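This is what each chain is made of:
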Amino acid sequence: MSPSKVGRKPGSKGKPDFSSSKGSISQQTEPKQQLRFSLWNFWVASTALKVLLMPDYVSTDFDVHRNWMAITNKLPLKEWYLESTSQWTLDYPPFFAYFEWFLSQVVPASVRADGCLDIVEVGQYGWPTILFQRSTVIISEILLFVVLQIFINTSDVSERSVNFVVASSIALSPAFFIIDHIHFQYNGFLFAILIGSIIAAKKQRYLLCGALFATSLCFKHIFLYLAPAYFVFLLRAYVLDINALKYKSYRDWVFVPQWRNLFKLGGVVLLIFTICFAPFITVMPQLIARLFPFSRGLTHAYWAPNFWAIYSFVDKVLAAVMLRMPYVHNCVSKLFRPLLVPATREEIKHKMATVNNGTRGLVQDVYFLILPQIQPKLTFLLTLFYQLLAVIPVFINPSFKRFIGSLTLCGFSAFLFGWHVHEKAIMLVIIPFFFLVSFDRRFLTPFYLLTASGYVSLFPLLYKSNDFLIKVLYTLIWCIIYFSAFRKLVRVSSSVQRRIFFFDRLAALYCLLLLPMVLGIQSLEVLKGRYSPIRKYEFLGLMFYSIYCSIGVIGSWIGLSWLYNFDEPLWV
């Protein structure tokens, strides 16, 4: 058939009509598109793998959640945040406590008999409890797949391919795989609520966005680090009248807030927080102390790969140099003593032997030997400063792209400079970044740096040797597949196609060297079992992980900050 005869209406003068054939093609391909962009197969395959991993090692977090189920099941509500038989006291917000209570109501009799709901100092349980708790993680994570499928289905047709890659890469993320299904937590379920708020923001459903974020806060208070971005975005996009700039009289500023929207948003948020915290009003001081335990020290037992890991490492190097080179200590002490450097080398040795200098794997306050001690107030001010830099552009231009950029940078600021940051908090940065990377190819390099270093930084959570190949192969395959997919699908969005983030060659080299680093540290762990002199350097492997991964995380932060602040056409 010749092209001139396609779709020609009777009586037309040679002009083909493609409307009917186009409609039929659309109708024919739509079911295939829906099938193609479904996460169903991903859920089935990943669930099968997670079921196979159920007999894996049992982490401390496993007993944490078992104890929380026991507390919420056996004690009255007002005692939940007072109970302290076990060291794993309840330290999540009340909505998560309600969630643990719900799980405790469906515990089978055989699991109860196994000790699942016993309030004891150290949990005593067996396979029935392990099977039940791991099953609850898999079932609760269904919410993540549902939310991500909604994200795909509500996307524009032109965005559906890349958003499908975004959604599937989140669903199969090595972070969820390692932390939830081997180490044991419920991050898939919790981040599903946060992702729902991001999707609502994209669809300009601001009231739903605020409600979902408030709900996520009441489940996991670490999301508070992202609150500045949500607050400024909703304030500017939903509450303030964008035509206010046209008002000439100061009296007109009373009409700047859209009072109806303000009361609706404020009412919804206050209602959610009231439902969450009102039953605990009599124990509120204890609840707050549990949620924000500043007594735990600047760094965790394993240094999270952030700025304070570099700071701690520099302190250890300076102490070692001054102990072995007396003239260096003499020179430096004359310049800075007594503000920085101990008066004598004997004092350095004494402190190294008696105080927690960050290499003993203890969850308590860290004392630096040479550098100034860090107070919680300083970490708060640093975090607040960099978050303010991230939210100011959102107030000027409350677009969804700016909001996601601000959200990611707020997560970066909290992770890099926060107090007692866990390595698992890297997900606060990675998850929002997924929604940003689809906008432009220039985000790919900082994204590669962050995900590669962030996922590798989680490897020490799985300390058993039989987990080594699982975590390495899974992360490596994920990186190969999704780095290639993003590179193929993501395009340069603006007409100005200049290279802004100029670390791409160094970033590629950095990512390639991650695998030799991991293999080298694993070899060191094997040698520890054979050669006793190496055992005294037990913290060495964790230090390598922290320092090398912190370089990648900080490099990603610098790259994204550069694009966010100095490439205006990228955000139009």
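Note that the structure is predicted; figures quoted are calculated from it, not measured. (Residues numbered from 1 in each chain as written. Predicted model: local features only at pLDDT ≥ 70, side-chain atom pairs only at ≥ 80, totals over all residues. Heavy atoms only, no water.)

Draft legend 1. Inspection of the nonpolar core at higher detail. Counting residues in hydrophobic clusters, the biggest one holds 124 residues, and the most contacted among them are I170, F412, F434 and F486. The residues touching F486, leaving out its near neighbours within four places in the chain, are V165, V166, S169, F434, V437, L444, F447 and Y448. Grouped together as the second largest cluster of nonpolar side chains are 38 residues, W68, C116, L117 and F280 included. (Core = buried A, V, L, I, M, F, W, Y, C linked by side-chain atoms within 4.5 Å. Buried < 20%, exposed > 50% of the residue type's maximum accessible area, 1.4 Å probe, protein only. Contact = heavy atoms within 4.5 Å.)

Draft legend 2. Highlighting a nonpolar patch on the surface. Together, L469, L473, L476, I477, I480, I481, L515 and L519 line one region of the surface with nonpolar side chains, adding up to about 710 Å² of accessible area. Secondary-structure elements contributing two or more residues to the nonpolar patch are α22 (468-489) and α23 (504-528). Among the elements that take part in the nonpolar patch, α22 stands out by supplying six residues, more than any other. Structurally, I480 is set in helix α22. (Patch = residues over 30% accessible without salt bridge, like charges linked within 9 Å, V, L, I, M, F, W, Y side chains within 5 Å. Areas by Shrake-Rupley, 256 points an atom, 1.4 Å probe, with all protein chains shown as cover. Salt bridge = Lys/Arg side-chain N within 4 Å of Asp/Glu carboxyl O. Helix = DSSP H or I, 4+ residues; strand = E, 2+ residues; numbered from the N terminus.)

Draft legend 3. Layout of the pattern of salt bridges. For the coordinates displayed, the defined rule picks out nine salt bridges. One salt bridge in this structure joins R66 and D63, with 2.7 Å as the shortest N-O distance. Of this pair, R66 and D63 are both found in helix α3 (residues 60-74), three residues apart, which corresponds to roughly one turn of the helix. We classify R66 as buried; its relative accessible area is 0%. You can call D63 buried: its relative accessible area is 8%. Among the ionic pairs, R442 bridges to D440, the shortest N-O distance being 3.0 Å. Given a relative accessible area of 10%, R442 falls into the buried group. Exposure remark for D440: the relative accessible area of 0% places this residue in the buried category. The network of salt bridges with common partners includes D440, R442 and D567.

Draft legend 4. Spatial organisation of the packing of aromatic side chains. All chains considered together, the criterion is met by 56 aromatic pairs. Ring geometry for Y311 versus F368: centroids 5.0 Å apart, planes at 85°, classification edge-to-face. Taken together, the residues span a long stretch of sequence, with Y311 in helix α15 (residues 307-324) and F368 in the loop between α17 (345-354) and α18 (376-396) at a distance of 57 residues. For Y311, a relative accessible area of 15% translates into the label buried. The ring of Y564 has R402 sitting right over it, with the charged end atom 4.8 Å from the ring centre. (Phe/Tyr/Trp six-rings, centres within 6.5 Å; stacked < 30°, edge-to-face > 60°. Lys NZ or Arg CZ within 6 Å of the ring centre and 35° of its normal.)

Draft legend 5. Structural detail: helix α2 (residues 40-52). In this model α2 runs 19 Å from its N-terminal to its C-terminal C-alpha over 13 residues, within 8% of the 18 Å that 1.5 Å per residue would give. Within the span of α2, buried status applies to S46, T47 and K50. Along α2, the residues classed as buried sweep out an arc of 105° about the axis, all on the same side. Within α2, the exposed residues directed more than 90 degrees away from the buried face are N41 and L52. The inward-facing, buried residues of α2 contact α6 (127-140), α7 (142-153) and α9 (174-184). (Expected span 1.5 Å × (residues − 1). Arc of directions from axis to C-beta.)

Draft legend 6. Looking closely at the confidence of the model for the chain. In the predicted model, the chain carries a mean pLDDT of 86, and the fraction of residues at 70 or more is 83%. For the chain, per-element mean pLDDT is lowest for helix α1 (residues 19-36), which scores 44, and highest for helix α11 (residues 206-219), which scores 98. Counting contacts from residues 1-35, a segment whose pLDDT is below 50, to residues more than four positions away or on other chains yields 16 contacts. (pLDDT = per-residue confidence, 0-100.)

Draft legend 7. Representation of α9. By the criterion of burial, α9 is predominantly enclosed, with 11 of the 11 residues buried. For α9, the full list of buried residues reads P174, A175, F176, F177, I178, I179, D180, H181, I182, H183 and F184.

Draft legend 8. Broad picture of the packing of α11 against helix α13 (residues 259-277). Contact geometry for α11 and α13: axes closest at 9 Å, N-to-C directions at 20°. Here α13 runs roughly parallel to α11, going by the angle between their axes. Note that α11 runs across α13; the crossing there is right-handed. Along its contact with α11, which presents Y206, L207, G210, A211, A214, T215, L217 and C218, the element α13 presents K264, L265, V268, V269, I272, F273, C276 and F277. (Axes fitted to C-alpha atoms, helices over the stretch in contact; angles between N-to-C directions. Parallel < 35°, antiparallel > 145°, perpendicular 65-115°, else oblique. Left-handed = near helix turned anticlockwise from the far one by under 90°.)

Draft legend 9. Inspection of the state of the cysteines at higher detail. Following the criterion strictly, the structure yields zero disulfides and no others. Considering cysteine sulfurs only, C218 is the nearest to C276, which forms no disulfide, with 3.6 Å between them. On the accessibility criterion, C276 (0% relative accessible area) is buried. (Disulfide = S-S within 2.5 Å.)

Draft legend 10. Region of interest: the side chain of K471. The topology assignment puts K471 in helix α22. Of the side chains with opposite charge, D467 comes closest to the buried, unpaired K471, at an N-O distance of 7.1 Å. From its side chain, K471 meets the backbone oxygen of L462 in a polar contact 2.8 Å long. Look past the residues within four positions of K471 in its chain and what remains in contact with it is I178, F459 and L462. (Lys, Arg positive; Asp, Glu negative; His and termini not counted. Polar contact = N/O pair within 3.5 Å; in protein donor to acceptor, adjacent residues only side chain to side chain.)

Draft legend 11. A look at the environment of R290. Here R290 is to be found in helix α14 (residues 284-291). The buried category is assigned to R290, whose relative accessible area is 10%. For the pair formed by R290 and L82, sequence separation is 208 residues and the distance between their alpha carbons is 9.3 Å.

Draft legend 12. Region of interest: unusual backbone geometry. You will see that F184, though not glycine, has its phi angle at about 100°, which is positive. Take F184: it is sitting in helix α9. The exposure class of F184 is buried, given its relative accessible area of 0%. A positive phi is found at H420, a non-glycine position, where the angle reads about 50°. Tracing the chain through its elements places H420 in the loop between α19 (400-417) and α20 (427-437).

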